[in-house]
Amino acid sequence: MNKDKILKLAKGFRGRSKNCIRVARERVEKSLQYAFRDRKAKKRDMRALWIQQINAGARQYGVKYSSLISGLAAQNVGLNRKMLSELARTEPFSFKALVDQVAHMRGLSAPHAGAALK
(Lines give C-alpha, C1' and ligand atoms only; values in the text may rest on other atoms or scores of the structure.)
Protein backbone atom coordinates (compact mmCIF):
# COMPACT_ATOMS: atom_id res chain seq x y z
CA MET A 1 0.00 0.00 0.00
CA ASN A 2 1.15 3.51 -0.63
CA LYS A 3 1.73 6.12 2.02
CA ASP A 4 -1.51 8.04 1.50
CA LYS A 5 -3.66 4.93 1.75
CA ILE A 6 -1.93 3.81 4.95
CA LEU A 7 -2.33 7.21 6.58
CA LYS A 8 -5.95 7.33 5.51
CA LEU A 9 -6.55 3.92 7.16
CA ALA A 10 -4.64 5.09 10.26
CA LYS A 11 -6.92 8.07 10.78
CA GLY A 12 -8.20 8.09 14.33
CA PHE A 13 -5.32 6.09 15.79
CA ARG A 14 -3.56 7.45 18.87
CA GLY A 15 -0.09 8.94 19.07
CA ARG A 16 2.44 8.44 16.28
CA SER A 17 0.32 5.63 14.86
CA LYS A 18 -1.70 8.16 12.91
CA ASN A 19 1.02 10.26 11.31
CA CYS A 20 4.38 8.43 11.38
CA ILE A 21 4.42 6.14 8.35
CA ARG A 22 6.52 3.35 9.87
CA VAL A 23 4.40 3.08 13.01
CA ALA A 24 1.19 3.64 11.04
CA ARG A 25 2.02 0.80 8.63
CA GLU A 26 2.44 -1.68 11.52
CA ARG A 27 -0.73 -0.52 13.28
CA VAL A 28 -2.78 -0.62 10.05
CA GLU A 29 -1.58 -4.14 9.24
CA LYS A 30 -2.45 -5.27 12.76
CA SER A 31 -5.85 -3.59 12.61
CA LEU A 32 -6.64 -5.35 9.35
CA GLN A 33 -5.70 -8.66 11.00
CA TYR A 34 -8.05 -7.87 13.88
CA ALA A 35 -10.82 -6.96 11.44
CA PHE A 36 -10.42 -10.24 9.55
CA ARG A 37 -10.43 -12.28 12.78
CA ASP A 38 -13.39 -10.47 14.27
CA ARG A 39 -15.57 -10.82 11.18
CA LYS A 40 -15.37 -14.58 11.80
CA ALA A 41 -15.94 -14.18 15.54
CA LYS A 42 -19.03 -12.03 14.90
CA LYS A 43 -20.64 -14.88 12.97
CA ARG A 44 -19.91 -17.32 15.82
CA ASP A 45 -21.27 -14.90 18.42
CA MET A 46 -24.49 -14.30 16.49
CA ARG A 47 -25.10 -18.02 16.03
CA ALA A 48 -24.59 -18.58 19.78
CA LEU A 49 -27.06 -15.77 20.53
CA TRP A 50 -29.66 -17.26 18.18
CA ILE A 51 -29.29 -20.66 19.83
CA GLN A 52 -29.78 -19.12 23.28
CA GLN A 53 -32.92 -17.30 22.14
CA ILE A 54 -34.38 -20.43 20.53
CA ASN A 55 -33.58 -22.48 23.63
CA ALA A 56 -35.25 -19.92 25.91
CA GLY A 57 -38.33 -19.81 23.70
CA ALA A 58 -38.56 -23.60 23.42
CA ARG A 59 -38.15 -24.18 27.16
CA GLN A 60 -41.13 -21.90 27.82
CA TYR A 61 -43.18 -24.65 26.21
CA GLY A 62 -41.36 -27.56 27.86
CA VAL A 63 -39.19 -28.63 24.91
CA LYS A 64 -35.40 -28.68 24.83
CA TYR A 65 -33.45 -26.95 22.08
CA SER A 66 -31.87 -30.16 20.81
CA SER A 67 -35.17 -31.99 20.49
CA LEU A 68 -36.74 -28.96 18.80
CA ILE A 69 -33.98 -28.69 16.19
CA SER A 70 -33.88 -32.43 15.50
CA GLY A 71 -37.67 -32.55 15.29
CA LEU A 72 -37.76 -29.67 12.82
CA ALA A 73 -35.07 -31.34 10.74
CA ALA A 74 -37.02 -34.61 10.74
CA GLN A 75 -40.09 -32.77 9.45
CA ASN A 76 -38.08 -30.94 6.78
CA VAL A 77 -38.90 -27.50 8.18
CA GLY A 78 -36.49 -25.20 6.37
CA LEU A 79 -36.15 -22.43 8.93
CA ASN A 80 -32.63 -21.50 9.93
CA ARG A 81 -31.60 -20.51 13.44
CA LYS A 82 -31.74 -16.81 12.69
CA MET A 83 -35.38 -17.02 11.62
CA LEU A 84 -36.29 -19.33 14.50
CA SER A 85 -34.83 -16.89 17.03
CA GLU A 86 -36.69 -14.05 15.35
CA LEU A 87 -39.93 -16.04 15.64
CA ALA A 88 -39.22 -16.86 19.28
CA ARG A 89 -38.71 -13.18 20.11
CA THR A 90 -41.35 -11.43 18.01
CA GLU A 91 -43.98 -14.04 17.10
CA PRO A 92 -44.56 -16.27 20.15
CA PHE A 93 -47.76 -17.80 18.78
CA SER A 94 -46.10 -18.85 15.52
CA PHE A 95 -43.13 -20.24 17.45
CA LYS A 96 -45.53 -22.11 19.74
CA ALA A 97 -47.14 -23.71 16.69
CA LEU A 98 -43.74 -25.04 15.60
CA VAL A 99 -42.96 -26.30 19.10
CA ASP A 100 -46.36 -27.98 19.36
CA GLN A 101 -45.83 -29.63 15.98
CA VAL A 102 -42.50 -31.08 17.15
CA ALA A 103 -43.93 -32.07 20.54
CA HIS A 104 -46.87 -33.83 18.88
CA MET A 105 -44.58 -35.68 16.48
CA ARG A 106 -42.29 -36.78 19.30
CA GLY A 107 -45.17 -37.72 21.58
CA LEU A 108 -44.12 -35.13 24.14
CA SER A 109 -46.56 -33.16 26.18
CA ALA A 110 -45.77 -29.48 26.62
CA PRO A 111 -46.67 -28.84 30.28
CA HIS A 112 -46.21 -25.07 30.18
CA ALA A 113 -47.75 -24.51 26.79
CA GLY A 114 -50.98 -22.91 27.96
CA ALA A 115 -49.56 -20.86 30.80
CA ALA A 116 -46.67 -19.33 28.86
CA LEU A 117 -48.77 -17.07 26.64
CA LYS A 118 -51.22 -15.80 29.25
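For the structure itself, look to the data block above.
Just so it is clear, the structure is predicted and the values come from calculations on it, not from any experiment. (Residues numbered from 1 in each chain as written. Predicted model: local features only at pLDDT ≥ 70, side-chain atom pairs only at ≥ 80, totals over all residues. Heavy atoms only, no water.)

Chemist: I keep staring at the overall build of the protein chain and nothing clicks. Help me out?
Modeler: Looking only at helices and strands, one finds 6 helices and 0 strands in the protein chain. Taken from N to C terminus, the helices and strands of the protein chain fall in the order α-α-α-α-α-α. Taking 2.2 N^0.38 as the reference for a compact globule, 118 residues should give roughly 13 Å; the C-alpha atoms of the protein chain span a radius of gyration of 23 Å, well beyond that estimate. Its C-alpha atoms put the protein chain at 70 × 30 × 15 Å along the principal axes. Considering the protein chain as a whole, with its 118 residues, one finds that 25% of them fall into the buried category. Counted over contacts in the protein chain with a minimum sequence separation of 6, partners at least 24 positions apart contribute 52%. (Helix = DSSP H or I, 4+ residues; strand = E, 2+ residues; numbered from the N terminus. Rg over C-alpha atoms; globule rule 2.2 N^0.38 Å. Buried < 20%, exposed > 50% of the residue type's maximum accessible area, 1.4 Å probe, protein only. Contact = heavy atoms within 4.5 Å.)

Chemist: Got a minute to help me understand the packing of helix α4 (residues 81-90) against helix α5 (residues 92-106) in this structure?
Modeler: If you want to describe how two helices pack, look at the angle between their axes and the distance between the axes. Interaxial distance between α4 and α5 falls to 6 Å at its minimum, and their mutual angle equals 120 degrees. Between α4 and α5, the angle falls in the class oblique. Residue-level contacts link L84, L87, A88 and T90 of α4 to P92, S94, F95 and L98 of α5. Here the contact of α4 with α5 is composed, by residue class, of 6 nonpolar, 2 polar and no charged. (Axes fitted to C-alpha atoms, helices over the stretch in contact; angles between N-to-C directions. Parallel < 35°, antiparallel > 145°, perpendicular 65-115°, else oblique. Nonpolar A, V, L, I, M, F, W, Y, C, P; charged D, E, K, R; others polar.)

Chemist: Looking at this model, I keep getting lost on unusual backbone geometry. Mind explaining?
Modeler: The phi torsion of most residues other than glycine is negative, and most of the peptide bonds are trans. Even without being glycine, N76 reaches a positive phi, approximately 60 degrees. The residue N76 is located in the loop between α3 (65-74) and α4 in this model.

Chemist: So what exactly am I meant to see when it comes to the environment of E29 here?
Modeler: Of note, E29 is situated in helix α2 (residues 21-59). The spacing of E29 and I6 is 23 residues in sequence and 9.0 Å in space, taken between C-alpha atoms.

Chemist: Would you explain a positive patch on the surface in this entry?
Modeler: A cluster of basic side chains, namely R39, K40, K42 and K43, defines a positive patch on the protein surface. Structurally, the position occupied by R39 is in helix α2. (Patch = residues over 30% accessible without salt bridge, like charges linked within 9 Å, V, L, I, M, F, W, Y side chains within 5 Å. Areas by Shrake-Rupley, 256 points an atom, 1.4 Å probe, with all protein chains shown as cover. Salt bridge = Lys/Arg side-chain N within 4 Å of Asp/Glu carboxyl O. Lys, Arg positive; Asp, Glu negative; His and termini not counted. Charge placed at Lys NZ, Arg CZ, Asp CG, Glu CD.)

Chemist: Could you clarify how one ought to interpret the environment of A74 in this entry?
Modeler: Mapped onto the elements of the fold, A74 is located in helix α3. Residue A74 is classed as exposed on the basis of its relative accessible area, which comes to 53%. When the C-alpha atoms of A74 and A24 are compared, they prove to be 54 Å apart, with 50 residues separating the residues in sequence.

Chemist: Can you walk me through the pattern of salt bridges in this structure?
Modeler: Opposite charge on two side chains lets them pair, provided their charged atoms get close. Summed over all chains, the structure comprises 3 salt bridges. For E86, the salt bridge is made with R89, and the minimal N-O distance between the two is 2.8 Å. Taken together, the residues E86 and R89, both in helix α4 and 3 residues apart, mark about one turn of the helix. The closest approach of N and O atoms between K96 and D100, which form a salt bridge, is 2.6 Å. A residue pair is termed a helical-turn pair when its members lie 3 or 4 positions apart in one helix, as K96 and D100 do in helix α5 at 4 residues. The class of K96 is buried, set by a relative accessible area of 16%. For D100, a relative accessible area of 27% puts it in the partly exposed group.

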